[in-house]
Amino acid sequence: MSVIQAVRWSDDGLGVRIIDQRALPATYLERDLRTVDDVCNAIATLAVRGAPAIGVAGAMGLVAALTPHAGEDAPAFARRLAGYAARIRATRPTAVNLPWAIDRMRVRASDPALAGDPARTLAALRAEATAILDEDRAMCRAIGEHGLALLPNPARVLTHCNAGALATAGIGTALAPLYLAVERGQHVSVLAGETRPLLQGSRLTAWELGRAGVDVTVLTDSMVASVMREGRIDLCLVGADRIAVNGDVANKIGTYAIAVLARHHGIPFYVAAPSSTFDPKTPSGEAIEIESRHADEVRRSFGMQTAPLEARVHNPAFDITPAALVTAFITDRGIEHPPFLSSAPPAREVSAR
């Protein structure tokens, strides 16, 4: 089984190599991000996407953008570092992994042992970004191992958006247990919700799973209720972009509807996420900022006019699923059951190494 790598260092080590997800599924295209404009544009336009992946890409992209400036004097380099970090951090507001990763990089750069030396600071930041990359890969594997216990054999799984290898630096979050199950000989069939308006389910999840040899069927979002009613789904498994202290989940728009439908039909609804997605600073879903995307993502979907140009458009990228609708969280630390207020794992600490 072949699982792709969505984020890694470029061959020369001076850039961040990503799979440009805007071109999928028709074209497989890799790009190297080398400037702060490259990094911010790639994250904002969803060339790289998925909460863990943009955290990793943001940290590595900060290093790539700073690399040509290692010869600057210490004050100029420090100002540039702060400015680049702020720009990257603000690119997408909902997913907590991006600010978490950038804040961790800032803490590393502030280590007094680096003594304001740009070259040493850059080397330390490269090591930190590589650690974030490696940790993400390990966390994906751990989520997969823990999630295996929740899968029947055979398993018919509904997922939404893309929480696979394309959304992380490893084998994914929600798709990680499925990859490991198939690897171990279990039969898994996946129903991938199309995920309007940008079709991350049909364009990305179906492409990724099919490439890896996993049985996958695409559903339009409006088909989910009837498929549940027909008894064709054993469980729902989705990712997350931010999880509040009380267990409320911000994930791709449409997730809340699936959770409501799953509760009505008595189907388990699981959320798979690394510990970096749990935000100890956000008490509940009401405090999560929801990114609003451009109206043309709906009016001119993939270059074709799909709504009147004068029509007003409501286009939030995410919605909030209340903790009461979540059966359990699958994390790199284990399976977390309600009540989530006391049991949700905190985000990993931002600490100097």
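Everything here concerns the structure above.
*Asks:* Explain the nonpolar core to me, please; I cannot follow it from the model alone.
*Replies:* Most often, soluble globular proteins keep nonpolar side chains buried together rather than apart. Counting residues in hydrophobic clusters, the biggest one holds 50 residues, and the most contacted among them are Val7 and Ile88. For this core, the secondary structure elements donating two or more residues are β1 (7-9), β2 (16-19), α1 (36-44), α2 (51-66), α3 (74-89), α4 (97-109), α5 (118-147) and α7 (200-211). Once residues lying within four places of it in the same chain are set aside, the contact partners of Val7 are Val16, Arg17, Val48, Ala53, Val56, Ala57, Met60, Leu133, Arg137, Thr168 and Ala169. Grouped together as the second largest cluster of nonpolar side chains are 27 residues, Ala155, Leu175, Ala328 and Ile330 included.

*Asks:* Got a minute to help me understand the packing of α3 against α5 in this structure?
*Replies:* Relative orientation and spacing of two packed helices are given, respectively, by the angle between their axes and the distance between those axes. One way to put it is that α3 packs onto α5 with a least axis distance of 10 Å and a crossing angle of 30°. As the angle between them shows, α3 and α5 are arranged roughly parallel. Contacts from Ala74, Phe77 and Leu81 in α3 reach Pro118, Thr121, Leu122 and Leu125 in α5.

*Asks:* For this particular structure, what's the right way to read the sheet that holds strand β5 (residues 188-193)?
*Replies:* What links the strands of a sheet is backbone hydrogen bonding, and the strands pair in either a parallel or an antiparallel sense. Strand order in the open sheet formed by 7 strands is β6-β5-β4-β7-β10-β12-β13, and the pairing between neighbours is mixed. At either margin of the open sheet sits one strand with a lone partner, and together these are β6 (215-219) and β13 (334-336). Across the sheet, the mean angle from the axis of one strand to that of its neighbour is 25°, orientation sign disregarded. Sheet strands in contact with α5 are β10 (269-272), β12 (328-331) and β13, and its direction is about 135° off that of β12. Here helix α6 (residues 176-183) sits on the sheet in contact with β4 (155-159), β5 and β7 (235-238), set at roughly 155° to β5.

*Asks:* It is not clear to me how the sheet that holds strand β3 (residues 30-33) should be interpreted in this structure. Could you clarify?
*Replies:* The strand order across the open sheet formed by 3 strands is β1-β2-β3, and the pairing between neighbours is antiparallel. A single partner strand is all that each edge strand has here, and the edge strands are β1 and β3. Across the sheet, the mean angle separating the axes of adjacent strands is 30° when strand polarity is ignored. Pairing of β1 with β2 involves 3 bridges; the strand directions are antiparallel.

*Asks:* Help me out: how do you make sense of unusual backbone geometry in this one?
*Replies:* Peptide bonds are mostly trans, and most non-glycine residues show a negative phi. Residue Pro154 is reached from Asn153 by a cis peptide bond, and omega for that bond is 5°. For Pro154, the location among the structural elements is in the loop between α5 and β4. With an omega of 5°, the peptide bond between Arg196 and Pro197 qualifies as cis. Topologically, Pro197 is positioned in the loop between β5 and α7. The phi torsion at Cys161 lies on the positive side, around 60°, for a residue other than glycine. Along the chain, Cys161 turns up in the loop between β4 and α6. Residues other than glycine seldom take positive phi values, yet Thr195 does so here, at roughly 70°. Relative to the helices and strands, Thr195 is located in the loop between β5 and α7. Its relative accessible area of 0% is what places Thr195 among the buried residues.

*Asks:* In this structure, what is going on with the packing of aromatic side chains? I would like to understand it.
*Replies:* Two numbers describe a pair of aromatic rings. These are the distance of the centres and the angle of the planes. As enumerated under the stated definition, the model contains 2 aromatic pairs in all. Between Tyr28 and Trp207, the ring centres sit 6.1 Å apart and the planes meet at 25°, which makes this aromatic pair stacked. Residue Tyr28 is found in the loop between β2 and β3, and its partner Trp207 is found in helix α7; the two are separated by 179 residues along the sequence. Looking at Trp207, the relative accessible area reads 17%, which means it is buried. Between Phe278 and Phe329, the ring centres sit 5.4 Å apart and the planes meet at 75°, which makes this aromatic pair edge-to-face. Placement of Phe278 in the loop between β10 and α10 (296-299) and of Phe329 in strand β12 is noted, with a sequence separation of 51 residues between them.

*Asks:* Looking at this model, I keep getting lost on empty space enclosed by the protein. Mind explaining?
*Replies:* Tallying each qualifying case throughout the model produces 3 cavities of 30 Å³ or more. Approximately 180 Å³ is the volume found for the largest cavity. In this structure, the largest cavity is lined by 19 residues; those nearest its centre are Arg49, Gly50, Ala51, Asn162 and Asp241. Sorting the residues of the lining of the largest cavity by element identifies α2 and β9 (249-252) as the ones contributing at least two each. Looking at the lining of the largest cavity residue by residue, the classes come out as 8 nonpolar, 7 polar and 4 charged. Of the pockets and cavities examined, the second largest cavity occupies roughly 70 Å³. Each residue belonging to the lining of the second largest cavity can be placed in one class, and the counts come to 6 nonpolar, 2 polar and 4 charged.

Analysis parameters
- Residues numbered from 1 in each chain as written.
- Predicted model: local features only at pLDDT ≥ 70, side-chain atom pairs only at ≥ 80, totals over all residues.
- Heavy atoms only, no water.
- Core = buried A, V, L, I, M, F, W, Y, C linked by side-chain atoms within 4.5 Å.
- Buried < 20%, exposed > 50% of the residue type's maximum accessible area, 1.4 Å probe, protein only.
- Helix = DSSP H or I, 4+ residues; strand = E, 2+ residues; numbered from the N terminus.
- Contact = heavy atoms within 4.5 Å.
- Axes fitted to C-alpha atoms, helices over the stretch in contact; angles between N-to-C directions.
- Parallel < 35°, antiparallel > 145°, perpendicular 65-115°, else oblique.
- Pairing = 2+ DSSP bridges.
- Phe/Tyr/Trp six-rings, centres within 6.5 Å; stacked < 30°, edge-to-face > 60°.
- 1 Å grid on protein atoms, 1.4 Å probe; cavity = no way out; pocket = protein on both sides within 12 Å on 5 of 7 lines; lining within 4 Å.
- Points joined across faces, edges and corners; volume = space filled by probe spheres on them.
- Nonpolar A, V, L, I, M, F, W, Y, C, P; charged D, E, K, R; others polar.

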